[in-house]
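Working through the structure, step by step
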Amino acid sequence: MNDKLTLVMSYVQSGSVFAPLIFITFHLLRQFLFIPVIVVCMSGGVLFGAAFGTIYSVIGLTLSSLAFYFVIGKFPKTKDRLLRLKNKLFGNRKLNSRQIAVLRLIPFIHFYLLSLCLLESNKGLKNYFYLSFMTNLPVAFVYTVFGHYIADFSPTLIVIILLSLTLLIYLLREKQTVVPWKEFFRSDD
């Protein structure tokens, strides 16, 4: 996976006229390569800068959402799985577009799960396309700008940030206590 990403990034960095088209196409192909949206948006900031990277990421994410609109009907089992996941995470309520825009900023929430929430709460392709565009703007902007500025960080600062995030994740983890079945139901006669 890293080899493919490195190959695409090196070709795009070479200054090709087709670089934006390749980057937008990469947004469409990223789900098949299991690359998170955030990684692609951040690489857009590194490669094209904050402004153009955001524009290209919004186009790529919106086209990806549009492809989801046409493809999800052909895969009812996948749609059912996403609906079950949605009900497990959010209950049986419908999310509005502002909530979906904020949830897209959270890296661990599935991109197409939120696209499904948009799909079921709106009627028609035109409305879905507009709301997909609007909800993709914040995630593209935030992570592309972050990617643009992370390129200016020194390697030492990047390592410090990564170690700090690792420590923070460790400290904020959910602590669980596992009690064996026999011990839980042990009778103290």
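No experiment lies behind these values; they were computed from the predicted model shown.

1. Notes on helix H6 (residues 97–104)
- Restricting attention to buried positions, one finds in H6 the residues Ile100, Ala101, Leu103 and Arg104. Viewed along the axis of H6, the buried residues span an arc of 165°, placing them on a single side of the element. Turned more than 90 degrees from where H6 packs its buried face, Arg98 and Val102 sit exposed.
- Turning to H6, the residues buried within the fold contact helix H4 (50–71), helix H5 (76–90), helix H7 (111–121) and helix H8 (125–150).
- Structurally, the start of H6 carries an N-cap: the backbone nitrogen of Arg98 is 3.1 Å from a side-chain oxygen of Asn96.

2. Considerations on the packing of aromatic side chains
- In total, this model carries 7 aromatic pairs according to the counting rule given.
- Centre to centre, the rings of Phe68 and Tyr112 are 5.1 Å apart; their planes meet at 20°, and the pair counts as stacked. Here the residue Phe68 occupies a position in helix H4, and Tyr112 occupies one in helix H7, the gap between them amounting to 44 residues. Like Phe68, the residue Tyr112 is buried in the burial classification.
- Chaining the aromatic ring pairs together yields one cluster made of Phe23, Phe48, Phe52 and Tyr56.
- Between Arg30 and the ring centre of Phe111, over which it is positioned, the NZ or CZ distance is 5.2 Å.
- One Lys or Arg, Arg104, reaches over the ring of Phe111 and ends 4.3 Å from the middle of that ring.

3. Brief notes about the environment of Tyr149
- Its location among the elements puts Tyr149 in helix H8.
- We classify Tyr149 as partly exposed; its relative accessible area is 46%.

4. Brief notes about the confidence of the model for the protein
- Averaged over all residues, the pLDDT of the protein equals 83, while 86% of them reach at least 70.
- Per-element averaging of pLDDT across the protein places helix H1 (residues 2–13) at the bottom with 63 and H4 at the top with 93.

5. Looking at the nonpolar core
- In this structure, Leu61, Phe68 and Phe90 are the most contacted members of the largest nonpolar core, which totals 26 residues.
- Counting only elements with at least two residues in this core, the list comes to helix H3 (37–48), H4, H5, H6, H7 and H8.
- Tallying contributions element by element places H7 first for this core, with 8 residues.
- If sequence neighbours within four positions are ignored, Phe90 has contacts with Leu95, Leu103, Ile109, Leu113, Leu114 and Cys117.
- Ala19, Phe26, Ile35 and Leu47 belong to the second largest nonpolar core, which has 9 residues in total.

6. Observations regarding a nonpolar patch on the surface
- A contiguous nonpolar patch, built from Phe70, Val71, Phe75, Leu125 and Phe129 and spanning about 460 Å² of accessible area, is present on the exposed surface.
- Every element with two or more residues in the nonpolar patch is listed here: H4 and H8.
- Position of Phe75 among the secondary structure elements: in the loop between H4 and H5.
- Under the relative-accessibility criterion, Phe75 is labelled partly exposed at 47%.

Rules and cut-offs
Residues numbered from 1 in each chain as written. Predicted model: local features only at pLDDT ≥ 70, side-chain atom pairs only at ≥ 80, totals over all residues. Heavy atoms only, no water. Buried < 20%, exposed > 50% of the residue type's maximum accessible area, 1.4 Å probe, protein only. Helix = DSSP H or I, 4+ residues; strand = E, 2+ residues; numbered from the N terminus. Arc of directions from axis to C-beta. Contact = heavy atoms within 4.5 Å. Polar contact = N/O pair within 3.5 Å; in protein donor to acceptor, adjacent residues only side chain to side chain. Phe/Tyr/Trp six-rings, centres within 6.5 Å; stacked < 30°, edge-to-face > 60°. Lys NZ or Arg CZ within 6 Å of the ring centre and 35° of its normal. pLDDT = per-residue confidence, 0-100. Core = buried A, V, L, I, M, F, W, Y, C linked by side-chain atoms within 4.5 Å. Patch = residues over 30% accessible without salt bridge, like charges linked within 9 Å, V, L, I, M, F, W, Y side chains within 5 Å. Areas by Shrake-Rupley, 256 points an atom, 1.4 Å probe, with all protein chains shown as cover. Salt bridge = Lys/Arg side-chain N within 4 Å of Asp/Glu carboxyl O.

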